[in-house]
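This is what each chain is made of:
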Amino acid sequence: ELKVEQNPLFLSMQEGKNYTIYCNYSTTSDRLYWYRQDPGKSLESLFVLLSNGAVKQEGRLMASLDTKARLSTLHITAAVHDLSATYFCAVVLSGNTPLVFGKGTRLSVIA
Amino acid sequence: KAGVTQTPRYLIKTRGQQVTLSCSPISGHRSVSWYQQTPGQGLQFLFEYFSETQRNKGNFPGRFSGRQFSNSRSEMNVSTLELGDSALYLCASSLVGPPYFGPGTRLTVT
């Protein structure tokens, strides 16, 4: 059974600081997604990571994937308040199997 | 391009009742998945439909069921509602690439 663990689950960070969210998964998988969820809202797709060593960047967010370590990271650079949200990683075992989500990391960026 | 739409957005039901939720996928998307989101359990997969056939099923009791129509619209039904069914129900559609999620239906069971 595929298990996905994120840490930390809660993160309070100051504006301008850098931090990393970690996503570990238990078995070899096909692809990994990062999503963002604002309070009371739906999930917004941020990144899709398909292969070992993949790195994607969008603004202050950068995601990477190490398939050998079964680890993905979401790095936040110079955080701003607008990044406050819950971030989920989700892993697909193979083909058309469903997403398995981590518990999410609730990020709060404070001045 | 219109996104995934879900109706209704909010729903209050009483224990023992049944409920039907609807999802209209992005045009051209043939796969529709349903997820339940609760504070305690997080996001859990319910089922996925592709071309009117259930392709994957999560670990939920038989009270939870779904279907997909020829236009790819999907419905999920929960019978004999329990308090623990209170949750945000999210629908996602996909073609190739990441599933796109709808705004969700917030179900409250009293």
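Per chain, the residues get numbers from 1 upward, laid out in the order the sequence is written. Following the order in which they are written, the chains are lettered starting with A and the ligands numbered starting with 1. Where totals are concerned, whole chains, interfaces and linings use all residues; where local detail is concerned, this predicted model gives features only for residues with pLDDT of at least 70, and gives and counts side-chain atom pairs only at 80 or more. Calculated side-chain values reflect all of the structure's heavy atoms, with hydrogen atoms and water omitted.

(A) Highlighting the overall build of chain A. Within chain A one finds 0 helices and 11 strands. Strands are runs of DSSP state E lasting at least two residues, helices are runs of H or I lasting at least four, and both sets are numbered from the N terminus onward. When the elements of chain A are put in sequence order from the N terminus, they spell out β-β-β-β-β-β-β-β-β-β-β. Each principal axis of the C-alpha distribution contributes one length, and for chain A these read about 40 × 30 × 20 Å. Each residue gets one of three labels from its accessible area relative to the maximum for its type: buried under 20%, exposed over 50%, partly exposed in between, using a 1.4 Å probe on protein chains only. Put simply, chain A has 111 residues, and 43% of those count as buried. Note on contacts: a residue pair is in contact if any heavy atoms of the two residues lie within 4.5 Å. Intrachain contacts of chain A at a sequence separation of at least 6 include 55% that bridge at least 24 residues. Of the roughly 5,600 Å² of accessible surface on chain A, 51% is carried by carbon and sulfur atoms. For the accessible areas, the method is Shrake-Rupley and the probe is 1.4 Å, while residue cover comes only from the protein chains on display.

(B) Layout of the pairing of strand β8 (residues 74–78) of chain B. Residues and elements named next belong to chain B. The buried fraction of β8 is high, at 5 of 5 residues. Along β8, one buried face is formed by Ser74, Met76 and Val78 and the opposite face, lined by Glu75 and Asn77, is buried too. A pair of strands counts as paired when DSSP detects no fewer than two bridges linking them. Where strand β3 (residues 19–24) meets β8, 5 bridges bridge the pair, whose relative direction is antiparallel. Residue pairing for β8: Thr20 is matched across the bridge by Asn77. One ladder, built from 5 bridges, connects strand β7 (residues 64–68) with β8; its direction is antiparallel. Following the sheet pairing, Arg67 is matched in β8 by Glu75.

(C) Expanded view of the environment of Ser94 of chain A. Residue position: Ser94 of chain A is located in the loop between β9 (85–92) and β10 (99–101). Remark: the alpha-carbon pair of Ser94 of chain A and Thr28 of chain A, spanning 66 residues in sequence, is separated by 8.7 Å.

(D) Region of interest: the interface of chain B and chain A. The interface is formed by 18 residues belonging to chain B together with 14 residues belonging to chain A. Buried area adds together the accessible area that both of two parts lose upon being put together, with accessible area traced by a 1.4 Å probe. For chain B, the biggest contributors to the area lost against chain A are Leu43, Pro98 and Phe101 of chain B; these three give 35% of the whole. In what follows, salt bridge is the name for a side-chain nitrogen of Lys or Arg lying within 4 Å of a carboxyl oxygen of Asp or Glu. Here chain B is connected to chain A by 0 salt bridges. The definition of a polar contact used here is a pair of N or O atoms within 3.5 Å, where within protein one atom must be able to donate a hydrogen and the other to accept one, and adjacent residues in sequence count solely through side-chain atom pairs. There are 5 residue pairs in polar contact (both at pLDDT 80 or more) connecting chain B and chain A. The set of elements that each furnish at least two residues to the side of chain B that touches chain A consists of β4 (31–38), β5 (42–50), β6 (53–57) and β9 (87–94) of chain B. The element best represented in the side of chain B that touches chain A is β5 of chain B, accounting for 4 residues.

(E) Structural context of the side chain of Gln68 of chain B. All names here are of chain B. Residue position: Gln68 is located in strand β7. On the accessibility criterion, Gln68 (6% relative accessible area) is buried. A polar contact is formed between the side chain of Gln68 and the backbone oxygen of Arg30, at a distance of 3.1 Å. A polar contact of 2.9 Å, which involves the side chain of Gln68, links it to the backbone nitrogen of Glu52. Ignoring any residue separated from it by four or fewer positions in sequence, one finds Gln68 in contact with Arg30, Val32, Tyr49, Phe50, Ser51, Glu52, Thr53, Arg73 and Ser74.

(F) Region of the structure containing the packing of aromatic side chains. Centres within 6.5 Å are what make two rings of Phe, Tyr or Trp a pair, Trp counting through its six-membered ring; a difference in plane orientation under 30 degrees is then read as stacked, over 60 as edge-to-face, and the rest as tilted. Taken as a whole, this structure holds 10 aromatic pairs over all chains when the rule is applied. In this structure an aromatic cluster arises from ring pairing among Tyr33, Tyr35, Phe88 and Phe101 of chain A together with Tyr35, Phe45 and Phe101 of chain B. In this scheme, Lys NZ or Arg CZ marks a charge over a ring once it lies within 6 Å of the ring centre and within 35 degrees of the ring normal. The ring of Phe50 of chain B carries Arg55 of chain B above its face, with NZ or CZ at 4.3 Å from the centroid.

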